[in-house]
Amino acid sequence: MPLASPATSLSSQLLADLSKVVGEENLLHHRDELVVYECDGYVIEKNVPDVVVFPTERDQVVEIVKLCNKYDVPFVPRGAGTSLAGGTLAVGGGVMICMTRMKRILEINLRDRYAVVEPGVVNVWLTRALAGTGFHYAPDPSSQGACTIGGNLATNSGGPHTLKYGVTVNHVMGVEMVLPDGSVLEVGGLAEDGPGYDLTGLVVGNEGTFGIATKIIVNLTRDPEAGRTFLGVFETVDAATETVSGLIAAGIVPAALEMLDNLMIQAIEQAFGFGFPTDAGAVLIIEIDGLEAGLDREAHAIHEIVRQNGGTVKKSIPWRTRKEPEYVAIWKSRKSAFGAIGRLSPTFCTQDGVVPRTKLPHILRTITRIGEHYGLRIANVFHAGDGNIHPILLFDERDPEQVERVLLASHEILDECIACGGSVTGEHGIGVEKMSFMPKLFTPDDLAAMVAIRTVFNPEGRCSPEKMLPGGGGCLERKSPGHKASA
Amino acid sequence: MDWPESSDAPPLGDGRRAVAVDRPDSVEVLREIVRRRAAEGLAIYPQGGKTALDYGGIPRRPGVALDTTALNSVIDYPAADMTITVGSGITLAKLQEVLATEGQFLPLDAPHPDSATLGGIYATNTCGPRRFGWGRPRDMIIGVSFVTADGKGVKGGGRVVKNVAGYDFPKLLTGSMGALGIITQMTLKVRPKPEASALVIAGYSRLGDLAADLARMNTSDTRPMMMDVLSPEAGYLLEAEANRGSHGLRERMWTLVLGYEDNAASVAWQVQRASAELSAGKIETHTTGEDSLTRAILLAISSFPADRIESIDGSSDHPSQSPLSFVASVRRGSVSAFLESLQLDRWLAVAHAGSGIIHAHANPLDLPEETWTGEIQRLRDAADRLGGSLILSRCPIEWKARLKVWGDRRGDWAIMEKIKGALDPAGVMNPGRFVGTI
Ligand SMILES: Cc1cc2nc3c(=O)[nH]c(=O)nc-3n(C[C@H](O)[C@H](O)[C@H](O)COP(=O)(O)OP(=O)(O)OC[C@H]3O[C@@H](n4cnc5c(N)ncnc54)[C@H](O)[C@@H]3O)c2cc1C
């Protein structure tokens, strides 16, 4: 492929140099090829990078980063691009470093309970590689069939089962990363504790603003011996959310506790026909796991709490492995919920607020009210046990007026989460989407400390500029500011 | 200003004494003190329950002790949300007492729970046997507030259980040794108190047999919350502590202690099952919820070796004779390999075997320094080979520099020094205590 006529202003010398590092087959720079990379799962802001490179090993990442420094261009890491917060948006163009071709599982060690993976390994690949071993990698975002462990690390992803087992940061033991100056840093390791600050804990969730992860050591967890998965059916959303509060307050820590409202149930039924009752106001997927010997007691308590709140347990799936057909079916329906949304609307925007679990009934009522106020349809499917809501606002991105209403409604929902003592993101990250909320959650002193920490890793702001922290993008100007979605 | 000489001056640890003690009763007052003391050119040494003053490097320059114990209130306890927000000066025991009123607890073991503060426990990243099942301090903290050297209050995280807004300061501050700022407040995830708990104690005359059982328990049908190994002498001393004769413990054998917590049916089943899975000839089990023996053994193990120090050499108030202890962290499956390299006539060891953690205490200390220098180097190399590291949790002051409390410089220390420089450029907070030049 000739590199003579670059689609953008990027120096052709840089393109040639990049090509030398990764090979032409691992580089995209034609406008039509780049369009795919203009946004991720957050479609409201778009900007094409000038070039996308696909390194296949760490030393290439080092060289790419050094070239970006030499030519003074920004760069942004990308995994599978499933971010729902615009984390991969190429603000100011520049070089997008796509990690999906560094995709080897380097080591699985059951005795020491860890696995070493490259960042482009898709989350579910590791799950599959571990099937039957008695161990698993706990964080299981609903997007696990597509998203990469590198992306999970950068966003500190959660998932349905993180209620009991913890989020990504609780399962990362060490990281090798290429810093924005091209040097390589290793933090953490194969042992749990090391001398010094917990840099692993700090690095997880940095949203790509500290550098590029090139190798990740993750913790492996024993599989539960057995479990029970229940489908609780409720006439109203209120009854379902009251049940969530009731379960947590009763001291039950389910392995997963997910809620779907009527709009969502309908979409999923159309798509998968699992057998969710389409006339229900809401359903809860309640899962417990542990030792078979102890499960009956908890199961009984759960039935009781569901009943007290006017619901019924419509299905009860006992399982020994996560391969029982009914188990697979119910979770496929849940985890593919976003995909099913396509049947309801051409475009959607998912919010990721968090409230204290006792405030769930309140926040869902508020969401309904806000939806009515702005004349928007909002579907809900979310990690109820964590208080992590995902209202999905349906709209048509070709209609700027609708886009405007979606933004206003989203902001109102998130403001209410803050007012409840919660947060504007439980797992998707701040990205570009929610930067304007940071000053509402944090004081100028808090933010200054965060900027100071970012500056340690990323002094020039060259790596993923203008993300996460407002007003701090370092030296780089936005070449063509992301525009509101249009056709 | 010079170091105060008078023995009346309050202790900072390692034989150093504080110029003064400040004990603020509010964060505002604390911030004011920090600004004033920093302006006076003094260093600030945060102190909680003073249970770990000798931990870390030697205080580098004169300064004040900043006592956090007045910041001990429960700020918010929405029990139904299973979170609690407390001042950092609250003691672990007090916190557990508050949580118990709602049938909840913080699954964290630390020595001296009656005096150890949450701030101190978090700053030093202290935890005990049940880290295997419940996680480490970092896994329970969701929000933190701290005061930096310029007197500013900074927070990270929040009060909800899931939150990825901003960098994870709660993790950064956990184990920060007071060297980034003074933790003033923290929000923690708590758990419902398990209905039942039990210990399964097995004795072995050979470490090799115990190692085989450890490997077996890695894929046990049961799910132990703790999996500890006691060296023969340590088991013997712990038995005295818990005041009860258990097989392995009494007979100076290698001891494996498995702990279970869950509802009663599950615990009963697991105890039976574990006993059947183990190869040891002598197995003893202790069940029931509030069993005092279970608790006594847990506490004794958590406190080891700190609690043993006085009774072993009777000299803990003479700082220069404070004994030598280390903590090694190795791959989880390598604990028995590490223990193989320990000379049992020199060390008492307690290992959180499922987590790859070995605590050991020199016994006796009457060998020359060179012997210990060589010994520590040899064990450090062993820990290194097994994928980890070794730090000295206690060390005679005059040996500290040579024996290197935190071990040899590592690749990630440079960036740690920059982080320190970003939040505390003048080195006001706990100078000398932590790794590298921090
Ligand atoms: C249908 C659907 C369901 C979802 N469900 C969940 C869920 O249940 N839980 C959840 O937490 N999230 C969920 N998400 C959000 C998203 O999948 C996660 O944020 C995921 O971790 C992103 O992974 P990715 O590989 O797609 O990363 P990308 O989207 O490519 O990137 C995400 C961020 O990580 C950075 N990054 C990527 N790779 C690296 C690297 N190697 N080094 C440094 N930085 C890097 C990027 O710069 C960006 O900031 C969902 C998304 C979709 C579309």
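Residues numbered from 1 in each chain as written. Chains lettered and ligands numbered in written order. Predicted model: local features only at pLDDT ≥ 70, side-chain atom pairs only at ≥ 80, totals over all residues. Heavy atoms only, no water.

Examining the pattern of salt bridges
Charged atoms that come close allow side chains of opposite charge to pair.
Part 1 of the argument: Evaluation of the coordinates by the stated rule reveals 59 salt bridges over all chains.
Part 2 of the argument: Members of the salt-bridge network, linked through shared partners, are A:Glu192, A:Asp193, B:Arg131, B:Arg136 and B:Arg332. (Salt bridge = Lys/Arg side-chain N within 4 Å of Asp/Glu carboxyl O.)

Some details on helix α3 (residues 58–70) of chain A
Part 1 of the argument: The first and last C-alpha atoms of α3(A) sit 18 Å apart over 13 residues, in line with the 18 Å expected at 1.5 Å per residue.
Part 2 of the argument: Note on α3(A): the residue one or two positions beyond its end, A:Asp72, has a positive phi of about 55 degrees. (Helix = DSSP H or I, 4+ residues; strand = E, 2+ residues; numbered from the N terminus. Expected span 1.5 Å × (residues − 1).)

Some details on the domain arrangement of chain A
Part 1 of the argument: By domain assignment, chain A separates into domain 1 (12–98), domain 2 (105–222) and domain 3 (226–260 + 283–332).
Part 2 of the argument: Each of domain 1 of chain A and domain 3 of chain A has a C-alpha centre, and these two points are 43 Å apart. (Domains from an automatic or database assignment.)

A word on the sheet that holds strand β7 (residues 83–87) of chain B
All names here are of chain B.
Part 1 of the argument: In spatial order, the strands read β6-β7-β11-β9-β10; together these five strands make up an open sheet with antiparallel pairing. On the outer flanks of this sheet lie β6 (74–76) and β10 (153–157), each paired with one strand and no other. Taking the axes of each pair of neighbouring strands and ignoring which way they run, one obtains an average angle of 20 degrees across the sheet.
Part 2 of the argument: Taken together, the five bridges between strand β9 (residues 141–147) and β10 define a ladder with antiparallel strand orientation. Along β10, the bridge assignment pairs Ser145 with Lys155. (Pairing = 2+ DSSP bridges. Axes fitted to C-alpha atoms, helices over the stretch in contact; angles between N-to-C directions.)

A closer look at the packing of helix α16 (residues 444–457) of chain A against helix α15 (residues 413–423) of chain B
Part 1 of the argument: Two elements in contact, α16(A) and α15(B), have axes separated by 9 Å at closest approach and are oriented at 150 degrees. Here α15(B) runs roughly antiparallel to α16(A), going by the angle between their axes. The way α16(A) lies across α15(B) gives a crossing that is right-handed. Each of A:Ala449, A:Ala452, A:Ile453, A:Val456 and A:Phe457 in α16(A) lies in contact with α15(B), whose residues at this interface are B:Ile415, B:Lys418, B:Ile419, B:Ala422 and B:Leu423.
Part 2 of the argument: Its residues assigned to classes, the contact of α16(A) with α15(B) shows nine nonpolar, no polar and one charged. (Parallel < 35°, antiparallel > 145°, perpendicular 65-115°, else oblique. Left-handed = near helix turned anticlockwise from the far one by under 90°. Contact = heavy atoms within 4.5 Å. Nonpolar A, V, L, I, M, F, W, Y, C, P; charged D, E, K, R; others polar.)

Observations regarding the nonpolar core
Part 1 of the argument: Ranked by size, the top nonpolar core spans 94 residues in total, and within it A:Ile453, A:Phe457, B:Leu106, B:Tyr122 and B:Phe169 carry the most contacts.
Part 2 of the argument: A total of six residues in this core trace back to one element, the largest contributor, which is α16(A).
Part 3 of the argument: Every residue in contact with B:Phe169, bar those within four places of it in the chain, is listed here: A:Asp446, A:Ala449, A:Met450, A:Ile453, B:Val144, B:Phe146, B:Val154, B:Lys155 and B:Gly156. (Core = buried A, V, L, I, M, F, W, Y, C linked by side-chain atoms within 4.5 Å. Buried < 20%, exposed > 50% of the residue type's maximum accessible area, 1.4 Å probe, protein only.)

Focus: the site of the ligand
Residue and element names in this part refer to chain A.
Part 1 of the argument: Of all residues adjacent to the ligand, which total 34 residues, the nearest are Pro77, Gly79, Thr82, Ser143 and Thr148.
Part 2 of the argument: A distance of 2.6 Å separates an oxygen atom of the ligand from a polar side-chain atom of Thr148.
Part 3 of the argument: In the environment of the ligand, an oxygen atom lies 3.1 Å from a nitrogen or oxygen atom belonging to the side chain of Thr155.
Part 4 of the argument: Starting from 960 Å² of accessible surface for the ligand in isolation, the protein chains cover 95%.
Part 5 of the argument: In terms of residues, the shell around the ligand owes the most to one element, helix α5 (residues 149–155), which gives five residues. (Near = heavy atom within 4 Å. Polar contact = N/O pair within 3.5 Å; in protein donor to acceptor, adjacent residues only side chain to side chain. Areas by Shrake-Rupley, 256 points an atom, 1.4 Å probe, with all protein chains shown as cover.)

As for a nonpolar patch on the surface
Part 1 of the argument: A surface patch of nonpolar side chains, amounting to about 220 Å² of accessible area, comprises A:Ile105, A:Ile108 and A:Trp125.
Part 2 of the argument: With respect to the secondary-structure elements, A:Ile105 resides in strand β6 (residues 105–109). (Patch = residues over 30% accessible without salt bridge, like charges linked within 9 Å, V, L, I, M, F, W, Y side chains within 5 Å.)

Looking at the interface of chain B and chain A
Part 1 of the argument: Facing 76 residues of chain B, the contacting portion of chain A comprises 84 residues.
Part 2 of the argument: Around 6,700 Å² of area is buried between chain B and chain A when both sides are counted, 56% of it from carbon and sulfur atoms.
Part 3 of the argument: In terms of surface lost to chain A, no three residues of chain B exceed B:Lys162, B:Tyr167 and B:Arg332, which account for 15% of the buried area on that side.
Part 4 of the argument: At the surface where chain B touches chain A, the tally comes to 11 salt bridges.
Part 5 of the argument: Of the charged contacts, one joins B:Lys155 and A:Asp446 as a salt bridge, the two residues approaching to 2.8 Å between their closest N and O atoms.
Part 6 of the argument: At the surface where chain B touches chain A, the tally comes to 32 residue pairs in polar contact (both at pLDDT 80 or more).
Part 7 of the argument: Counting residues per element, the side of chain B that touches chain A draws most heavily on α15(B), which supplies eight residues. (Buried area = accessible area lost by both parts, 1.4 Å probe.)

Examining the pairing of strand β18 (residues 378–382) of chain A
All names here are of chain A.
Part 1 of the argument: Among the five residues of β18, five are classified as buried, and the element is accordingly described as predominantly covered.
Part 2 of the argument: Going residue by residue along β18, you find Ile378, Asn380 and Phe382 tucked away on one face and Ala379 and Val381 tucked away on the opposite face as well.
Part 3 of the argument: Judged from the two bridges that link them, strand β14 (residues 256–261) and β18 form a sheet pairing that is antiparallel. The residue of β18 that forms the bridge with Met259 is Phe382.
Part 4 of the argument: Inspection of the sheet shows β18 paired to strand β19 (residues 391–395) by three bridges, in the antiparallel sense. Following the sheet pairing, Ala379 is matched in β19 by Ile392.

Side note on the side chain of A:His136
All names here are of chain A.
Part 1 of the argument: Structurally, His136 is set in strand β8 (residues 135–136).
Part 2 of the argument: A polar contact of 2.8 Å, which involves the side chain of His136, links it to the side chain of Asp223.
Part 3 of the argument: What His136 contacts, discounting residues up to four positions off in sequence, is Leu130, Asn219, Leu220, Thr221, Arg222, Asp223 and Pro224.

A short note on the domain arrangement of chain B
Residues and elements named next belong to chain B.
Part 1 of the argument: Looking at the assigned domains, one finds that chain B contains domain 1 (11–67), domain 2 (74–192) and domain 3 (196–403).
Part 2 of the argument: On the domain 3 side, the residues contacting the 13 residues of domain 2 number 17 residues.
Part 3 of the argument: For the pairing of domain 2 and domain 3, the buried interface totals around 1,300 Å² over both sides, and the portion due to carbon and sulfur atoms is 65%.
Part 4 of the argument: Notably, a salt bridge pairs Arg130 with Glu261, separated by 2.8 Å at the nearest N-O pair.
Part 5 of the argument: Residue classes in the side of domain 2 that touches domain 3 are distributed as seven nonpolar, three polar and three charged.

Brief notes about the confidence of the model for chain B
Residue and element names in this part refer to chain B.
Part 1 of the argument: A residue-level look at chain B finds 92% of positions with pLDDT of 70 or above and a mean pLDDT of 90.
Part 2 of the argument: Below pLDDT 50 for its whole length, residues 307–321 participates in 24 contacts with residues either more than four positions away or in separate chains.
Part 3 of the argument: In the predicted assembly, ipTM is 0.94 and pTM is 0.95. (pLDDT = per-residue confidence, 0-100.)

Things to note about the packing of helix α8 (residues 237–249) of chain A against helix α10 (residues 292–308) of chain A
Residue and element names in this part refer to chain A.
Part 1 of the argument: It is the contact of α8 with α10, at a shortest axis distance of 9 Å, that shows an interaxial angle of 145 degrees. α10 is crossed by α8, and the crossing has right-handed handedness. Listed contacts from α10 to Thr243, Gly246 and Leu247 of α8 are Ile302, Ile305 and Val306.
Part 2 of the argument: Of the residues that constitute the contact of α8 with α10, the class distribution is four nonpolar, two polar and no charged.

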